Amino acid sequence: MEVHLDPDQHLLKGESTITYANNSPDTLDSIYLHLYPNAFQEGSVKYREFQRVRFAGGISQDNPSYIEVLDFEIAGENGLLSSDFKIDDSILSATLPQPAAPGDTLVVTLSWEHKIRERAGRMGYSGEQYDMAQWYPKMVVYDDKGWHNVPFHAIGEFYGEFGDYDVTIGIPEKYIVGATGVVVQGDPGWTSVSVDTAMEFSEWLASRDTVERDSAARRIVTFHGEDIHDFAWIASPTFVYEPGEWNGIDVHVLYNASVGEKWTRVVRERSERALEWLSTRFGPYPYPQVTVTHAMRGGGMEYPMLVMNGTESEGLIVHEIGHIWFYGILGNNEVDEPWLDEGFTTFQTRWYLEDRYPPYGLDLESSSRYNDFQKRFWSFNSISERSQWSVIRFMTSGHDRPIATKSYHSPGYNVYRQNAYTKPSLMLQSLRSALGEEVFDEAMKTYYARWKLKHPNEKRFRDTMEEVSGQDLDWFFDSWLHSTFQCDYALKGWKKKRLEDGSYEVTATIVNRANMFYPLEIDVALANGDTFRTRWTDYLWRWKDEVTFAVPSRPERIVLDPDNETLDMNLLNNSSGLPPYRVVFNWPGMAFSPRDGYALKWNPLLWYHKNDGLKPGLSLLRTYGHWTRLEMSLTAGVKSKRVHGKAHYSKSLSFFLPSLTFSASGYSLEGVRGAGLDLDYRWNRYYGYPPHHTAHFGLYVTDADGTDYTDLYESGTVTVFYGKYAARADLGQFGGILNLGVFSAPGGLGDWTFARLVSDLELRGRASGFSFAGRFIAGYSLANSGGLPVQEKFTVHGAGSGDYFSKPYLRHSSSMYNIELGENDFLRNHFHLYGDANLRGYYEHGFEGAENLVAATAELSRSLPIPVLNSSARLFFDGGWLWSEVDNLDGQLLTDSGFGFTLRKRVIGADLKFRIDFPFWLNTEADAPEGIRKIDFSRWVFGFDAGLP
């Protein structure tokens, strides 16, 4: 190919000559080429699939791209065959008047123009940088299944034919170029921008002489690559360059000067280590160079001899360079079998990181994701544990698909990502455990040696694994690849018997509670402190088995799968005795969830109440992934000696119905006791894609004792049955949630009888630097002659009684440590939670609450340029019609408006927020308490949130 870029027009003009040898045993009567840029137009297959799955950012019609073929000819060994072709979507097809027999050679010549889009997905331009991928007319693969003339889909990647490439690129001289292949002619510009790594990058950048370049001059450079199935290139006028080398293989690093402090030295070093790891672990790198470049967007993408990375992350570098093995060298069909590359390199990336940075696979020392405090005090999951929890949640979601699903048959990208990346990576981890690391390593190296620079597939991989291991592995691969089976072994019980020689005979009962089969490692903890390990090998087609073995001294505890290699859904039942606990402090923002036992997180409490004085206490949180959660807290009044507490338990019922959760709660708190039961069912269109639906069914009982512990509840018992539904959608810059609720307090079960309907809608969005949000609520209550208790009415100035009572610092006007701002004006009176009527300007009116309402809130905010703090300013309006017998409201319209500010700051993992609003204007003074004015700039409320959700 010879191509020339016109940056002013974002146009690439190209001439291609393709020499195609028919190495198949078949006679070919047509040929096909991919025109990938054509997929980014309205009406394409990719466009229609974007519409179907509602991808945020899909294909902009203001930003199309295409390849226009200007001239086209096919010549055979006896001269011109045809110049006819047709284009359908992203596929060019041409019929051969004289079919090409096995061994024949065709020469395809074409001239074309590529209109380059602003970068979307993998390629395009941003500013002056060009990331050029899937950019040229490319031969479709013909293999034992025929032509793979599949259009470019919204989900999935590529399948390319191996060949030799000679590509000449013409570009303005100011651009620095990196590409697949080696430079055989011309100057890519690297020497002129080579970084002196003996200096600090900032010093080198400051000392660098600015090179004046002729704007009309062109850089012409030719790259040559052999045994590759794709060609990509990247160019930017702001690139700088660092060279490296490993084992005779050149390493070229190109990055924008703006990220030089992060990229200098470390990217080269990490790239060299990646080459060493992959070559040693799987097989030697067959190419003369690898180029690591700075892509214009986050994430990364791989091409033969070239990767485009958005960051300097070591995991990203190892992953993308790893793709040159799994996709580049082992050239599988990523459209039909994406797991053969994405799963393999996800597996090897995790293996590398956990091998280099045990035990978590995190380079905490150089990580910028965590601060020094978090690195010292937090507890972390390994990346294997995080991957397993992610897959287990997916497998129990009801959206699971077999790994062997074609990429474009995935209903959404999140399903594709789990089945192409994470699930198969854990499959390979389980295979390594099942075969043993030595056999697995030999099999992987054999697979690489046998199929490098060829087209492997599932059968070829499975055959290699079975041949090297000497095992029939259908039981393993069929379950993982072609089903949605799960693994859940349990230790049902065990017994021991002392033998004459002082050793012990142990019999363990193993039960298979799911439908996958595995050989299991069994660890036995002995009384002398040693550990004995054996292996259960009689596992196939057994749902229950008794395993008997001898141990040298008295056994105390047995653990199945102690290394957590099988993706067992629930490891709590894999050991004798009580499941282990990992006791950690509950630092804000710390997500710690071990796989082999409970996480028990604790933190102290310190509240205040006028009746109790200071209330020290303890909060405990026990979790096991998404399976179960138990929260408990106790406080004791220093003055009153009274103890208050609450507990909430939830358990996933996904074994019965995916995404179904049961929960129960009970509490005895300041002046109120209560209990509740709830069934929570969640679903969405596709895994992780909006809209998200939630349905709740349950009941709650509250009993207020009439003391002065709280002013939020009226004395008496309330029993309420409810059904609630919510639909939420987050679509990039816009989103919203609709809530519907039906509540009924039947007679005879409490002191009040009533029914209530509630509907509210929240909307939010961002545009032109502004954020806007709106909330609309309508509620109607029907009660007997006793009316409604205050805790069941719609609160006028903010959220309902239950929401306020759920926060210990809001249960009484004195709860915020008895801070009094004036006579009978406590700090809590100025606290605002969003909810109900939300007329925040009426906090001073003393309204008891409304039985019926129609209300709305609107906010417009914009960020403020304040250093260190994330801050914003806001304008707001609240208004509504309210009906309340006690407050003498009979459909009056009450409104307020004002301005406010929000401050946000992240401190040791906690996202701290503070909001203050000034509702200076009210629309009415009617029936207002003395001293409340229509316009008053001294009114204020505050909250610990960032604004309307």
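Residues numbered from 1 in each chain as written. Predicted model: local features only at pLDDT ≥ 70, side-chain atom pairs only at ≥ 80, totals over all residues. Heavy atoms only, no water.

Let's talk about the overall build of the protein chain
Worth spelling out the cut-off: The secondary structure listing takes helices from DSSP runs of H or I that are at least 4 residues long and strands from runs of E that are at least 2 residues long, numbered from the N terminus. For each residue, the accessible area found with a 1.4 Å probe, counting protein chains only, is set against the maximum for its type, and the residue is called buried under 20%, exposed over 50%, and partly exposed in between. Residues count as neighbours in contact if any of their non-hydrogen atoms are within 4.5 Å of one another. Where accessible areas are quoted, they stem from the Shrake-Rupley method and a 1.4 Å probe; at the residue level, only the protein chains shown are allowed to cover.
The secondary structure content of the protein chain amounts to 13 helices and 48 strands. Looking at the protein chain residue by residue over its 949 residues, the buried ones come to 55%. Within the protein chain, contacts between residues separated by at least 24 positions form 64% of all contacts whose residues are at least 6 apart in sequence. Total accessible area on the protein chain stands at roughly 40900 Å², and carbon and sulfur atoms take up 52% of it.

Comments concerning the sheet that holds strand S27 (residues 531–536)
The strands making up a sheet are joined through hydrogen bonds of the backbone, oriented either antiparallel or parallel. Applied cut-off: In short, DSSP must find at least two bridges between two strands for them to pair. Orientation is described by axes fitted as lines to C-alpha atoms, over the contacting stretch for helices, and by angles from 0 to 180 degrees between their N-to-C directions.
If you trace the three strands from one edge of the open sheet to the other, you get S27-S26-S29, paired in antiparallel fashion. Each edge of the sheet is formed by a strand with only one pairing partner; in this case those strands are S27 and strand S29 (555–560). This sheet shows a mean twist of 25° between the axes of neighbouring strands, independent of strand direction. In this structure, strand S26 (residues 520–526) lies alongside S27, joined through six bridges in antiparallel fashion. Directly across from isoleucine 522, in S27, lies its bridge partner threonine 534.

Some thoughts on the sheet that holds strand S5 (residues 79–82)
If you trace the eight strands from one edge of the open sheet to the other, you get S5-S4-S8-S2-S1-S14-S17-S16, paired in mixed fashion. Where the open sheet ends on each side, the last strands, each with one partner, are S5 and strand S16 (182–185). Adjacent strand axes in the sheet meet at a mean angle of 25°, parallel and antiparallel pairs treated alike. Looking at chain direction, strand S4 (residues 66–76) and strand S8 (residues 105–115) are connected through nine bridges and run antiparallel. Its bridge partner being in S8, glutamate 68 is matched across the sheet by glutamate 113.

Here we look at the pairing of strand S14 (residues 163–172)
Counting buried residues along S14, seven of its ten residues qualify, which places the element largely inside the surrounding structure. Relative to S14, strand S1 (residues 2–6) runs parallel, the two being bridged by three bridges. Within S14, the position partnered with valine 3 by the bridge is isoleucine 169.

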